[in-house]
Amino acid sequence: MVLKVFFPSCCSSADSGILIGRWISEQNSAVILAVVHFPFIPVQVKQYLGEVQRVTKVSVSVLGSWSNSKQEKEESLSEFLEDLGTIFCHEPWIQISKEGDSKFWSCSTLQKHSKNPQEEEIILVYYDQRKVMLSHLHPPLDTAGQRAEDASKLSAIFDTVARSQVLFMTDRYDEGPIKLTHWQSDGVEASIIVELLKQASVPACMLLTFLLSLVSGVCRSRVLKFWPLSFLWSKLSTCEQLGHRLQHLQVISSNKKAQNQTQLMRKANIFVSLLIDVALGILLMSWLYRKNRIGHLADTLIPVADHVAEELQDLLQWLMGAPAGLKMNRALDQVLGRFFLYHIHLWISYIHLLSPFIEMILWYVGLSACLGLTVALCILSDIIALLTFHIYCFYVYGARLYCLKIYGLSSLWRLFRGKKWNVLRQRVDSCSYDLDQLFIGTLLFTILLFLLPTTALYYLVFTLLRLLVVIVQGLIHLLVDLIDSLPLYSLILRLCRSYRLAAGVKFKVLEQQDGKPLRLLMQINPLSYGGVVQMYRLPTYSCYPRDSWASLCKKLFLGELIYPWKHKGDKQN
């Protein structure tokens, strides 16, 4: 049987003493956590380990002895270390010794209480205690069979070191009867700034929680549930983004402690995302208010709106003639063209009516960038939706008229075949029609069929314009989703301290010699960047329709409406 001993590389130069750690009988492995130096009193060591075991819930015990023969040259030391096995009573008793200036170590086991002692092959595995304790093991998502078993074994090693953090809080400067060597034995790793921030975060979180509770109470009030406030809250992407950010603030300001590493990383990712979002928003706001860019933008907006209206008028004049040499139904063509031209005239009057207030509106809208770049982008999307509302109206009119003719033609086509649609059974049944019904159906079918090209051309043109607006809004919302969902803290952690996000381990052979234990070095394999994004991606909402291409083509052919938003019940969790 193979005995695996995981030895911390920070203890390779420690003074002679005893090894304390955890024995994992299922894997026949020993995880060494620290070395207790001489002199010590065995009773005090047992009491100390009992307290550590009570706090950490890890079965920590004395596993063996450690001899650094370069520092200790007494001949009686080896016999004394063997006698310690009778005091602490652990089977097997592990003896590790460093042989002077030699690069090889000797490792053996004693089984005094076993009737049939067996010679075991020993593998000595070195590991970086600090990296293993601070890392979080992420097993593969498709673990199955042997890979799942290997992942569970590694998790036991990582969990043992991580849960023994209390053991590493004692350094050599502490006045106590027990002196330990571990990765923090030269001094506990800490930061005064971090500790001050921890102390200051408690009242700040309490104040923020109180303010957020007031805002949440206002948002849940009955006033916002009445029309049209409820309609605007569910349709405007700015309101959706503010509600999304409000949920994020409630998560990070919660006094409830994170239960596991995943929740802790989620809070950190949300905090960094909010911080960067607000920083980018303040930069955008400072750029807008510098050199009177708000005034220049307001002066440019009215001419651009007039130019768009003129282009639409030219397009309608082209459709009212003979577009691309097509012969349209002149009467219907003139009616539709004049109807849409009248709407454009109303839109131009509406824009010029608001022109004195546009600069003031943009000035106050620019202040919203301090809430974050995503809020400013959502406001930009809503402004585009309002400025292109006439295009949306043209699209709705054309789509409704085209849809009416398509469904009318399909119903009359079933009449020719002696069929009808059974509303109760939701199927097509046979039906007998008399001569008058067939005559009227033929007249209506002919009228609708010859009017269809004119309606279809208007529908096609306004659908293309509508799709152009939806694509622009979709790109804006994709950028908002990217800022909202990207786990920036995890990516920064992967870039700077890749060992914190461990996907597995690899073993490097250090030395191998007959009669000596095999010495391996355990190195941490970091999680890939794609794995980091997949595992820690934050939930977002989307205002952009995510239909498949087949569903989108079907909607366009049947004349169904394409909304610039998703309904409130279709939020992406």
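The shown structure was predicted, so the numbers you read here are calculated from the model rather than taken from an experiment.

### Looking at the overall build of the protein
Inference 1: Helices and strands together make up the secondary structure of the protein, namely 17 helices and 13 strands.
Inference 2: Counting every position in the protein, which comprises 573 residues, the buried fraction comes to 40%.
Inference 3: When contacts within the protein are restricted to residue pairs at least 6 apart in sequence, long-range pairs at least 24 apart make up 72% of them.
Inference 4: Carbon together with sulfur atoms contributes 63% to the accessible area of the protein, which is approximately 32,700 Å² in total.

### Quick look at the UniProt feature "transmembrane region" (unreviewed entry) in the protein
Inference 1: According to UniProt, the feature "transmembrane region" (unreviewed entry) maps to residues 200–219, 270–289, 335–354, 361–388, 394–416, 437–461 and 467–492 in the numbering used here.
Inference 2: With 100% helix and 0% strand, the stretch residues 437–461 has end C-alpha atoms that lie 35 Å from each other.
Inference 3: Each end of residues 467–492 is marked by a C-alpha atom, and these two atoms are 37 Å apart; helix forms 92% of the span and strand 0%.

### Points about the nonpolar core
Inference 1: One finds Val45 and Leu167 to be the most contacted residues of the largest nonpolar core, which totals 41 residues.
Inference 2: The biggest single contributor to this core is helix α4 (residues 146–163), with 5 residues.
Inference 3: Excluding its chain neighbours within four sequence positions, the residues that come into contact with Leu167 are Ile20, Leu33, Ala34, Tyr48, Val52, Leu180 and His182.
Inference 4: Counting 18 residues, the second-largest nonpolar core is a separate cluster that includes Phe7, Leu19, Val35 and Cys107.

### Some details on helix α9 (residues 293–319)
Inference 1: Taking 1.5 Å of rise per residue, the 27 residues of α9 would be expected to cover 39 Å, and the 39 Å separating its terminal C-alpha atoms lies within 8% of that figure.
Inference 2: Among the residues of α9, Ile294, Gly295, Ala298, Ile302, Ala305, Ala309, Leu312, Leu316 and Leu319 are the ones counted as buried.
Inference 3: Looking at the buried positions of α9, the neighbouring elements they touch are α8 (261–288), α10 (330–354), α11 (358–367), α13 (389–416) and α14 (435–485).

### Section: the pattern of salt bridges
Inference 1: Scanning all chains against the criterion turns up 3 salt bridges.
Inference 2: Close ionic contact of Arg245 with Asp277 constitutes a salt bridge, the shortest N to O distance being 3.1 Å. Taken together, the residues span a long stretch of sequence, with Arg245 in helix α7 (residues 237–252) and Asp277 in helix α8 at a distance of 32 residues. The pair Arg245 / Asp277 is uniform in exposure class, with both members buried.

### Some remarks on α8
Inference 1: With 28 residues, α8 extends 40 Å from end C-alpha to end C-alpha; this agrees with the ideal 40 Å at 1.5 Å per step.
Inference 2: Among the residues of α8, those classed as buried are Met265, Ala268, Asn269, Ile270, Val272, Ser273, Leu274, Asp277, Gly281, Met285 and Leu288.

### Description of the pairing of strand β4 (residues 60–68)
Inference 1: For β4, the buried fraction is high: 8 of the 9 residues fall into the buried class.
Inference 2: Alignment of strand β2 (residues 17–24) against β4, held across 6 bridges, turns out to be antiparallel. Within β4, the position partnered with Leu19 by the bridge is Gly64.
Inference 3: Of the strand pairs in this sheet, β4 and strand β5 (residues 93–98) are connected by 5 bridges, and their pairing is parallel. In the strand pairing of β5, Trp66 is matched with Ile96.

### Some words on the packing of aromatic side chains
Inference 1: Throughout the structure, instances matching the rule amount to 15 aromatic pairs.
Inference 2: Arranged with centres 5.3 Å apart and planes meeting at 85°, the rings of Trp363 and Tyr364 form a pair that is edge-to-face.
Inference 3: Here the aromatic residues Phe339, Phe340, Phe394, Tyr397, Tyr458 and Phe462 are joined through ring pairs into a cluster of three or more.
Inference 4: Positioned over the ring face of Tyr529 is Arg494, at 4.6 Å from the centre of the ring.

### A short note on the confidence of the model for the protein
Inference 1: The predicted model of the protein averages 79 in pLDDT, with 80% of residues at 70 or higher.
Inference 2: Across residues 565–573, where pLDDT falls below 50, the model places 18 contacts with residues more than four positions away in sequence or in other chains.

### Thoughts on the packing of α8 against helix α12 (residues 373–387)
Inference 1: Viewed as axis vectors pointing N to C, α8 and α12 meet at an angle of 60°, and their least axial separation amounts to 7 Å. The angle between α8 and α12 falls in the class oblique. Note on element contacts: α12 touches α8 through Leu373, Thr374 and Ala376, opposite Asp277, Leu280, Gly281 and Leu284.

### Points about the environment of Leu521
Inference 1: In this fold, Leu521 is placed in strand β13 (residues 518–526).
Inference 2: The spacing of Leu521 and Tyr126 is 395 residues in sequence and 4.8 Å in space, taken between C-alpha atoms.
Inference 3: Among all residues touching Leu521, those that are not within four sequence positions of it are Tyr126, Lys506, Phe507, Lys508 and Leu510.

### Examining a nonpolar patch on the surface
Inference 1: On the surface, a cluster of nonpolar side chains totalling about 610 Å² of accessible area is made up of Phe357, Met360, Ile361, Trp363, Tyr364 and Leu367.
Inference 2: Within the secondary structure, Trp363 sits in helix α11.

### Remarks on the environment of Leu297
Inference 1: When you line up the elements, Leu297 lands in helix α9.
Inference 2: Its relative accessible area of 43% is what places Leu297 among the partly exposed residues.
Inference 3: Remark: the alpha-carbon pair of Leu297 and Ile358, spanning 61 residues in sequence, is separated by 9.5 Å.

### Considering the side chain of Asn28
Inference 1: Take Asn28: it is sitting in the loop between β2 and β3 (29–37).
Inference 2: The buried category is assigned to Asn28, whose relative accessible area is 11%.
Inference 3: Leave out the neighbours within four places in its chain, and Asn28 touches Met1, Val2, Leu3, Lys4, Trp23 and Glu120.

### Some details on the pairing of β13
Inference 1: Direction of pairing for strand β7 (residues 121–127) relative to β13: parallel, over a ladder of 4 bridges. Its bridge partner being in β13, Tyr126 is matched across the sheet by Leu521.
Inference 2: Note: strand β12 (residues 501–511) against β13, 8 bridges, orientation antiparallel. Bridge pairing in β13 places Val505 opposite Ile524.
Inference 3: Linking β12 to β13, which pair antiparallel, is a turn of 6 residues; within it Gly515 sits at a positive phi near 80°.

### Section: unusual backbone geometry
Inference 1: Positive phi outside glycine occurs at Asn28, with the angle close to 55°.
Inference 2: Of note in this structure, Lys57 is not a glycine but carries a positive phi near 60°.
Inference 3: As for its placement among the helices and strands, Lys57 is situated in the loop between α1 (42–56) and β4.
Inference 4: By relative accessible area, Lys57 is classed as exposed at 63%.

Rules behind the numbers
- Residues numbered from 1 in each chain as written.
- Predicted model: local features only at pLDDT ≥ 70, side-chain atom pairs only at ≥ 80, totals over all residues.
- Heavy atoms only, no water.
- Helix = DSSP H or I, 4+ residues; strand = E, 2+ residues; numbered from the N terminus.
- Buried < 20%, exposed > 50% of the residue type's maximum accessible area, 1.4 Å probe, protein only.
- Contact = heavy atoms within 4.5 Å.
- Areas by Shrake-Rupley, 256 points an atom, 1.4 Å probe, with all protein chains shown as cover.
- UniProt positions renumbered as here; feature names shortened; annotations may be inferred.
- Core = buried A, V, L, I, M, F, W, Y, C linked by side-chain atoms within 4.5 Å.
- Expected span 1.5 Å × (residues − 1).
- Salt bridge = Lys/Arg side-chain N within 4 Å of Asp/Glu carboxyl O.
- Pairing = 2+ DSSP bridges.
- Phe/Tyr/Trp six-rings, centres within 6.5 Å; stacked < 30°, edge-to-face > 60°.
- Lys NZ or Arg CZ within 6 Å of the ring centre and 35° of its normal.
- pLDDT = per-residue confidence, 0-100.
- Axes fitted to C-alpha atoms, helices over the stretch in contact; angles between N-to-C directions.
- Parallel < 35°, antiparallel > 145°, perpendicular 65-115°, else oblique.
- Patch = residues over 30% accessible without salt bridge, like charges linked within 9 Å, V, L, I, M, F, W, Y side chains within 5 Å.

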